[in-house]
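Commentary on secondary and tertiary structure
Read off the chains here:
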Amino acid sequence: MASFRLLNYAGDQHEPRAGILVGGGTVVDLQDALPATAWARSTLDVLGAWEEACPALHKLADTKPKGVALASVKLMAPIYYPPAIYCTGANYMAHAKEMSAEGSGVDKAVTQPYLFLKSARHCMISPNDEIRLPGVSKKVDWEAECAVVIGRKGRNISVADAMKYVAGYTITNDVSVRDRAYMMRQNVPPTSPFNSDFIGIKGFDKSAVIGPYIVPAAQIGDPANLGMKTWIGDWLTQDSNSGRMIFSTAEQIAYLSERITLLPGDVVMTGTPAGTGAEQGRFLKKGEVVRMWIENIGEVRNKIV
């Protein structure tokens, strides 16, 4: 059975066109290849019909369909738009310890995952788009994350069943502001539970890189053993493995589903490992290129402007 990767590329009017990558270098347009198939209209529709669509796309890939060279298209974010982008904070122990004022990290035995939201339409950018620094901040950080894409509607999902709801995996960069003055609400005591400004820290425009593809779960190998790397220019700053998560992907999905119904196309960013700028006192600068790679998924590359 031939493998494929689900993607969007820019059409003639710069609209997202659903496609699959086959053979490592050919992009097949789904509406052209499957004109009578309703779910072929968009990748979000594909994910909404995942149990039917996934085997059909494998079958399409098996036919060695005609397409265009990957190098000749502009890749766009692989979903327009996710119903929600869920983000998990402090989910790698080394990073959690560095980011904690007490240096204590996270004790999984006595707490639960720490999640927040990004707005898909405001925050999402494509895998090769420019990251524009917000003018209010002088400390903008990078966070490479392995993200799961949900392929089945679910509520109150058990940890044991959680991975059955995953359609595939992609790469995300949770671009973050670290200036303390901008992270905290003015004139609110630091001990107050209402002190943090999450829109300012995490939810600003163009703060979520997603791409380059969605790799189906069955093709990913062991999702708890994927190499992860980030380079700023030639400097390797994050070099880790998805197996170092505190809360597993299944545990994060189960936790979310106890509180909210998960929908096809939802993206769950599962946390970043050590090696962010905040841990090193070094932040993104205009003109730099951030490159993030995750094993068996691919790479995103974004210039800072």
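Residues numbered from 1 in each chain as written. Predicted model: local features only at pLDDT ≥ 70, side-chain atom pairs only at ≥ 80, totals over all residues. Heavy atoms only, no water.

1. Things to note about helix α8 (residues 249–257)
For α8, a buried count of eight out of nine residues is recorded, marking the element as mostly surrounded by other parts of the structure. All buried positions along α8 are accounted for by Thr249, Ala250, Gln252, Ile253, Ala254, Tyr255, Leu256 and Ser257. At its buried positions, α8 is contacted by β6 (85–89), β7 (114–118), β10 (144–150), β11 (166–174) and β16 (267–269). (Buried < 20%, exposed > 50% of the residue type's maximum accessible area, 1.4 Å probe, protein only. Helix = DSSP H or I, 4+ residues; strand = E, 2+ residues; numbered from the N terminus. Contact = heavy atoms within 4.5 Å.)

2. With respect to the sheet that holds strand β17 (residues 289–294)
Judged by pairing direction, the sheet is antiparallel, and its four strands sit side by side in the order β15-β14-β17-β18 without closing on themselves. Each end of this open sheet is capped by a strand with a single partner; those strands are β15 (235–241) and β18 (298–303). Across the sheet, the axes of successive neighbouring strands diverge by a mean angle of 10°, strand direction being ignored. The pairing of strand β14 (residues 227–232) with β15 spans six bridges and is classified as antiparallel. From the neighbouring strand, Thr230 faces β15, where its bridge partner is Gln238. (Pairing = 2+ DSSP bridges. Axes fitted to C-alpha atoms, helices over the stretch in contact; angles between N-to-C directions.)

3. Examining the layout of surface pockets
If you add up the space inside the largest pocket, you get close to 970 Å³. Lining the largest pocket are 33 residues, with Ala90, Ala96, Met99, Ser100 and Tyr114 positioned closest to its centre. Secondary-structure elements contributing two or more residues to the lining of the largest pocket are β6, α4 (93–99), β7, α6 (180–183) and α7 (198–201). In terms of residues, the lining of the largest pocket owes the most to one element, α4, which gives four residues. Taken together, the residues of the lining of the largest pocket sort by class into 15 nonpolar, ten polar and eight charged. (1 Å grid on protein atoms, 1.4 Å probe; cavity = no way out; pocket = protein on both sides within 12 Å on 5 of 7 lines; lining within 4 Å. Points joined across faces, edges and corners; volume = space filled by probe spheres on them. Nonpolar A, V, L, I, M, F, W, Y, C, P; charged D, E, K, R; others polar.)

4. Topic: the packing of aromatic side chains
Tallied over the full model, the rule gives five aromatic pairs. Both rings, one in Tyr80 and one in Tyr81, keep their centres 5.1 Å apart while their planes meet at 70°; by these two values the pair is edge-to-face. Aromatic pair Tyr114 and Phe198: ring centres 6.3 Å apart, planes at 70°, arrangement edge-to-face. Highlighted residues: Tyr114 in strand β7 and Phe198 in helix α7, separated in sequence by 84 residues. You can call Tyr114 partly exposed: its relative accessible area is 45%. Residue classification places Phe198 among the partly exposed residues on the basis of a relative accessible area of 31%. Through a chain of ring-to-ring contacts, three or more aromatic side chains come together here, namely Tyr114, Phe116 and Phe198. Residue placement shows Arg152 over the ring face of Tyr165; its charged tip is 4.2 Å from the ring centre. (Phe/Tyr/Trp six-rings, centres within 6.5 Å; stacked < 30°, edge-to-face > 60°. Lys NZ or Arg CZ within 6 Å of the ring centre and 35° of its normal.)

5. Notes on the environment of Leu75
Positionally, Leu75 belongs in strand β5 (residues 75–76). Leu75 gets classed as buried once you look at its relative accessible area, which sits at 8%. For the pair Leu75 and Arg17, spaced 58 residues apart in the sequence, the C-alpha separation amounts to 9.5 Å. Leave out the neighbours within four places in its chain, and Leu75 touches Leu7, Asn8, Tyr9, Leu70, Ser126, Pro127, Asn128, Pro212 and Tyr213.

6. Some thoughts on helix α3 (residues 50–62)
The end-to-end C-alpha distance of α3, which contains 13 residues, comes to 18 Å, matching closely the 18 Å that a straight helix rising 1.5 Å per residue would cover. Restricting attention to buried positions, one finds in α3 the residues Trp50, Ala53, Cys54, Leu57, His58, Leu60 and Ala61. Summarising the axial view, the buried residues of α3 lie within an arc of 160°, below the 170-degree limit, and thus occupy one face. Opposite its buried face, α3 presents the exposed residues Glu51, Glu52 and Lys59, each directed more than 90 degrees away. Lys64 lies just past α3 and shows a positive phi near 50°. (Expected span 1.5 Å × (residues − 1). Arc of directions from axis to C-beta.)

7. Some details on the side chain of Thr170
Mapping Thr170 onto the fold places it in strand β11. Setting aside its immediate chain neighbours within four residues, Thr170 contacts Pro78, Glu145, Cys146, Ala147, Val149, Ile210, Gly211, Pro212, Tyr213 and Ile297.

8. A few points about the pattern of salt bridges
Using the criterion set out here, one finds 17 salt bridges in the structure. Ionic pairing is found between Arg17 and Asp32, a salt bridge with its closest N-O pair at 3.8 Å. Of this pair, Arg17 sits in strand β2 (residues 16–22) while Asp32 sits in helix α1 (residues 30–33), and the two are 15 residues apart along the sequence. A salt bridge links Arg152 to Glu51, with the shortest nitrogen-to-oxygen separation between them at 3.6 Å. Taken together, the residues Arg152 in the loop between β10 and β11 and Glu51 in helix α3 connect sequence positions 101 residues apart. Note on Glu51: relative accessible area 61%, which makes it exposed. By sharing partners, the salt bridges in this structure join Lys118, Asp141, Glu143, Asp174, Arg178 and Lys202 into a single network. (Salt bridge = Lys/Arg side-chain N within 4 Å of Asp/Glu carboxyl O.)

9. Notes on the side chain of Asn8
Looking at the secondary structure, you find Asn8 in strand β1 (residues 5–10). A residue is classified by how much of its surface remains accessible, and Asn8, at 2% relative accessible area, is buried. When near neighbours in sequence (up to four residues on either side) are disregarded, Asn8 contacts Pro16, Arg17, Ala18, Thr43, Lys74, Leu75, Met76, Ala77, Pro78, Ile79 and Tyr80.

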